[in-house]
Amino acid sequence: MVNFIKIHNDDNVAVALETIAQNETITVGDVTVVTRMEIPAGHKFALKELPTGTPVIKYGYRIGFTTADVKPGEWIHTHNLKTGLGDLLDYSYEPKLPEEKTTEDVTFMGYNRENGKVGVRNEIWIIPTVGCVNNIATKIAELSQGLVRENIEAVCAFPHPYGCSQMGDDQENTRQILANLINHPNAGGVLVLGLGCENSNIDVLKNYIGEYNPDRVKFLVSQESDDEIADGVAIVKELADYVAGFKREPISVSKLIIGMKCGGSDGFSGITANPTVGRFSDILISKKGTTILTEVPEMFGAETILMNRCENKGLFDKTVSLINDFKNYFKSHNQTIYENPSPGNKKGGISTLEDKSLGCTQKSGSAIVKGVLAYGEVVSTPGLNLLSAPGNDLVASTALAASGAHIVLFTTGRGTPFACPVPTMKISSNSRLAGKKDNWIDFNAGVVAEGESLDVAGQRLFDEVVAIASGKEVKSEKAGFHDMAIFKQGVTL
């Protein structure tokens, strides 16, 4: 097996696919170099002489500038490479719209809901309006586990610390996320558990929920109950009678909405896992399905690629705002815009934010951008959508679920066990991780570095997503994990 890859013809670096020893002779096309030091797996080495200040090219784009003279065969990383990004930028719309493809429909076995939506799970969710009743919600879920059976797939609580002592847009965001989860079609039934004196109390929250079926959504105010745990368990039993009436049936994959996220990335993420998800996204969109890409700070440095794939000028303008609003968010808190990548990213071979972003955005595939969503906004346009949310794994994954994602695809080079409100499929960028953390990883994209084509990997991933949508549990579901996190932006009273 070749132990390196040159990703793009224009690149002046290659990436080690496995650790390369010092003094090893490497031939890349018509270029031969001798490694001047050990090159760790996932890390970059120079293919030519790069004097101080030279752009370093990877994925065909600049990922930064050298901060010292770099010799051919020399390791390139944070010690001799820095970001080339600035603060707020001006952008021009230069559309490069790919040809839209249509492929044959496929069905999955899902749940048709009475309001026309579809679900890939038939669960009972207990959603607290405020953090004060988190333990009550968790206890009700614990005492209701006996209700889980073949077509009632889980009873789970989603504790969070918010719902009170918030102001303005921060409180609005909390209310909208909670309402979106209450309305999510993966939940066959929902108990909304309130305290009674909180800002985002049940009466207030009902304005955000909108019309609802009282058989599906029920409410309990703890301060008005003599025994809120007993009453909560009784309500969940009522919900179970309703939820049990739903059965899986064939549904077009055009109804699927899939969120895309990465975390704990390494030098392989942009070579294996992320482009595999990109191939998957293109396949699903060709069947009229929907994907959502988020973590805006990890678009910095690759944003023009997405901007120029926007279907029209209006979407381009919304994408510019998506980027610059997040930069202003950092600046308003006196924080460095480019305080990224993380220590784990760097250890895995990612040197600058451009390096990370150019790998991250490959999850979007090649499709036209059809929608740009504010945080808490529910997706309405089929195709590729961009969503405003931070890079934090749990916050961003919850945001994807709240925007309507049935499943979240989460690529990782380091591994993580977390879940979110919907099935969270972990996709490893390297085979070592897949072998070591089999209890976390659902799909190994590392085989792409070992010779499997991205097209084959993308189709395998599509088939696996259809299986998960049809009821196959991901590893975090088997472990009983159900998490959520809301984006906290404002003051706490």
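The shown structure was predicted, so the numbers you read here are calculated from the model rather than taken from an experiment.

### Section: the overall build of the protein chain
Next, step 1: Of regular secondary structure, the protein chain possesses 13 helices and 23 strands.
Next, step 2: Its C-alpha atoms give the protein chain a radius of gyration of 23 Å, near enough to 23 Å, the size a compact globule of 493 residues would have.
Next, step 3: With respect to the principal axes defined by its C-alpha atoms, the protein chain has extents near 75 × 45 × 40 Å.
Next, step 4: By the burial criterion, 57% of the 493 residues in the protein chain qualify as buried.
Next, step 5: Pairs at least 24 residues apart make up 72% of the contacts formed inside the protein chain by residues separated by at least 6 positions.
Next, step 6: Counting every atom, the protein chain has about 19300 Å² of accessible surface; 49% of that belongs to carbon and sulfur.

### What to know about empty space enclosed by the protein
Next, step 1: In the structure shown here, the tally under the stated rule is 2 cavities of 30 Å³ or more.
Next, step 2: Lining the largest cavity are 13 residues, and of these Tyr59, Asp266, Gly270, Ile350 and Asp355 lie nearest its centre.
Next, step 3: It is helix H9 (residues 353–360) that provides the largest number of residues to the lining of the largest cavity, a total of 4 residues.
Next, step 4: Along its surface, the second largest cavity is lined by Glu123, Ala419, Cys420, Pro421, Val422, Pro423, Ser476, Glu477, Phe481 and His482.
Next, step 5: Residue composition of the lining of the second largest cavity, by class: 6 nonpolar, 2 polar and 2 charged.

### Some words on the sheet that holds strand E16 (residues 249–252)
Next, step 1: Read across the open sheet, the 3 strands follow the order E11-E10-E16; overall the sheet is antiparallel. If you trace the sheet from one side to the other, it starts and ends with strand E11 (118–119) and E16, each paired once.
Next, step 2: Strand direction decides the pairing type here: strand E10 (residues 107–112) and E16, joined by 4 bridges, are antiparallel. The residue of E16 that forms the bridge with Gly110 is Glu249.

### A short note on the nonpolar core
Burial of nonpolar side chains together is a common tendency in soluble globular proteins.
Next, step 1: Phe108, Phe300, Leu409, Met425, Ile427 and Leu461 are the most contacted members of the largest nonpolar core, which totals 89 residues.
Next, step 2: If near-sequence neighbours (up to four positions away) are discounted, Met425 is found in contact with Val408, Leu409, Phe410, Asp442, Phe443, Leu461, Glu464, Val465, Ile468 and Val474.
Next, step 3: Core analysis: the second largest hydrophobic core is formed by 26 residues, Ile136, Ala240, Tyr242 and Val243 among them.

### Comments concerning unusual backbone geometry
Next, step 1: Phi at Asn23 takes a positive value of approximately 70 degrees, unusual for a residue other than glycine.
Next, step 2: For Asn23, the position within the fold is in the loop between strand E2 (13–16) and strand E3 (25–28).
Next, step 3: Despite not being glycine, Asn334 shows a phi value in the positive range, around 60 degrees.
Next, step 4: Mapped onto the elements, Asn334 comes out in the loop between helix H7 (313–332) and helix H8 (343–347).
Next, step 5: On the basis of relative accessibility, which here comes to 73%, the residue Asn334 falls in the exposed class.

### Comments concerning the pattern of salt bridges
Next, step 1: Taken as a whole and assessed by the stated rule, the structure comprises 20 salt bridges.
Next, step 2: Ionic pairing is found between Glu238 and Lys218, a salt bridge with its closest N-O pair at 3.8 Å. Here Glu238 is found in helix H4 (residues 228–243), whereas its partner Lys218 is found in strand E15 (residues 217–221), with 20 residues between them in sequence.
Next, step 3: Salt bridges here are not isolated pairs; linked through shared partners, they connect Lys261, Glu295, Lys363 and Asp393.

### Regarding a nonpolar patch on the surface
Next, step 1: A cluster of nonpolar residues, Met167, Val491 and Leu493, forms a patch on the protein surface that exposes about 310 Å² of accessible area.
Next, step 2: Among the secondary structure elements, Leu493 is positioned in the segment after helix H13 (475–478).
Next, step 3: For Leu493, a relative accessible area of 64% puts it in the exposed group.

### A look at the environment of Val120
Next, step 1: When you line up the elements, Val120 lands in the loop between E11 and strand E12 (123–128).
Next, step 2: C-alpha separation for the pair Val120 and Leu256, spaced 136 residues apart in sequence, amounts to 8.6 Å.
Next, step 3: If sequence neighbours within four positions are ignored, Val120 has contacts with Phe108, Tyr111, Glu153, Asn186, Arg248, Leu256, His406, Ile407 and Ala469.

About the cut-offs
- Residues numbered from 1 in each chain as written.
- Predicted model: local features only at pLDDT ≥ 70, side-chain atom pairs only at ≥ 80, totals over all residues.
- Heavy atoms only, no water.
- Helix = DSSP H or I, 4+ residues; strand = E, 2+ residues; numbered from the N terminus.
- Rg over C-alpha atoms; globule rule 2.2 N^0.38 Å.
- Buried < 20%, exposed > 50% of the residue type's maximum accessible area, 1.4 Å probe, protein only.
- Contact = heavy atoms within 4.5 Å.
- Areas by Shrake-Rupley, 256 points an atom, 1.4 Å probe, with all protein chains shown as cover.
- 1 Å grid on protein atoms, 1.4 Å probe; cavity = no way out; pocket = protein on both sides within 12 Å on 5 of 7 lines; lining within 4 Å.
- Points joined across faces, edges and corners; volume = space filled by probe spheres on them.
- Nonpolar A, V, L, I, M, F, W, Y, C, P; charged D, E, K, R; others polar.
- Pairing = 2+ DSSP bridges.
- Core = buried A, V, L, I, M, F, W, Y, C linked by side-chain atoms within 4.5 Å.
- Salt bridge = Lys/Arg side-chain N within 4 Å of Asp/Glu carboxyl O.
- Patch = residues over 30% accessible without salt bridge, like charges linked within 9 Å, V, L, I, M, F, W, Y side chains within 5 Å.

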